[in-house]
Amino acid sequence: DAGVHSKAWYAATCDRKTAEDALYRSNKDGSFLIRKSSGQDSRQPYTLVVFYNRRVYNIPIRFIESTRQYALGREKSGEERFDSVAEIVENHQRTSLVLIDSQNNTKDSTKLKHIVRVS
């Protein structure tokens, strides 16, 4: 279990558009939630959705079968790995999360500050 089900930031049945709309409405940098990934792929079970600088970022959360851990984004060497999705959230409430905008080739960073509930 990824440690998500009892958490305020987990929007279980929320789709991408609903999540993005909720974050745009919050309009606060560092607003976030976690939703199930659209693809229903066991190797990428969840998506971290973050609002920053008037943009919404959808960051895949990967499940690493060999170590039974989770990591953010595409696989890279030296990446941080976590034992649960809850640990990812707790970590990035304390330390900044790098947000990469592949369209504009820019990097930003923010902490996860405001839990957004999808109504």
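A brief look at the structure comes next. (Residues numbered from 1 in each chain as written. Predicted model: local features only at pLDDT ≥ 70, side-chain atom pairs only at ≥ 80, totals over all residues. Heavy atoms only, no water.)

### Regarding the nonpolar core
Operational definition: Among buried residues, those of type Ala, Val, Leu, Ile, Met, Phe, Trp, Tyr and Cys that are joined through side-chain atoms within 4.5 Å constitute a nonpolar core. Burial here depends on accessible area, computed with a 1.4 Å probe over protein chains only, as a share of the maximum for the residue type. Under 20% is buried, over 50% is exposed, and the range in between is partly exposed.
Counting residues in each nonpolar core, the largest one holds 24 residues, and the members touching the most others are Trp-9, Ile-34, Tyr-46, Leu-48, Ile-61 and Val-85. Cys-14, Ala-22, Leu-23 and Val-49 belong to the second-largest nonpolar core, a separate cluster that totals 10 residues.

### Section: the environment of Thr-67
Spelled out, the test is: Under the scheme used here, helices are H or I runs from DSSP no shorter than 4 residues and strands are E runs no shorter than 2 residues, and both carry numbers assigned from the N terminus. Here a polar contact is recorded for every N or O atom pair within 3.5 Å, except that within protein the pair must consist of a potential hydrogen donor and a potential acceptor, and residues adjacent in sequence are included only if both atoms are side-chain atoms.
Structurally, the position occupied by Thr-67 is in the loop between strand E4 (55-64) and strand E5 (69-72). When the C-alpha atoms of Thr-67 and Arg-81 are compared, they prove to be 9.1 Å apart, with 14 residues separating the residues in sequence. At a separation of 3.1 Å, a polar atom in the side chain of Thr-67 contacts the side chain of Gln-69.

### Describing unusual backbone geometry
A positive phi is found at Asn-53, a non-glycine position, where the angle reads about 55°. Mapped onto the fold, Asn-53 is located in the loop between strand E3 (44-52) and E4. The backbone of Arg-68 shows a phi angle near 55°, a positive value even though the residue is not glycine. Residue placement: Arg-68 occurs in the loop between E4 and E5.

### A look at the pairing of E5
For clarity, the cut-off: Strands were regarded as paired on the criterion that DSSP finds at least two bridges between them.
Across the two faces of E5 the burial is the same, with Gln-69 and Ala-71 and Tyr-70 and Leu-72 all buried. What sits between the antiparallel neighbours E4 and E5 is a turn of four residues, in which Arg-68 has the positive phi angle 55°.

### Remarks on the pattern of salt bridges
Defined as follows: We define a salt bridge as a side-chain nitrogen of Lys or Arg found within 4 Å of a carboxyl oxygen belonging to Asp or Glu.
Under the counting rule described, the total for this entry stands at seven salt bridges. The partner of Arg-16 in a salt bridge is Glu-20, and the shortest N-O contact between them spans 3.0 Å. Here Arg-16 pairs with Glu-20, and both are found in helix H1 (residues 16-26), just four residues apart, close to one helical turn. With a closest N to O distance of 2.7 Å, Arg-68 and Glu-65 form a salt bridge. Three or more residues joined by partner-sharing salt bridges are found here, namely Arg-62, Lys-76, Glu-79 and Arg-81.

### What to know about the environment of Leu-97
Formally: Two residues form a contact once any of their heavy atoms are found within 4.5 Å.
Structurally, the position occupied by Leu-97 is in strand E6 (residues 97-101). For Leu-97, a relative accessible area of 4% gives the class buried. A C-alpha to C-alpha distance of 5.4 Å links Leu-97 and Thr-110, two positions 13 residues apart in sequence. If we skip the residues at most four places from it in the chain, Leu-97 touches Leu-48, Val-50, Ile-59, Leu-72, His-92, Asp-108, Ser-109, Thr-110 and Leu-112.

### With respect to H1
The cut-off we apply is this: The directions considered for the arc are those from the helix axis to the C-beta atoms.
Here H1 has its buried residues at Ala-19, Glu-20, Ala-22 and Leu-23. For H1, the angular spread of the buried residues around the axis is 160°, confining them to a single face. Seen from the buried face of H1, the exposed residues on the opposite side, beyond 90 degrees, are Lys-17 and Arg-25. The first or second residue beyond H1 is Asn-27, which carries a positive phi of 55°.

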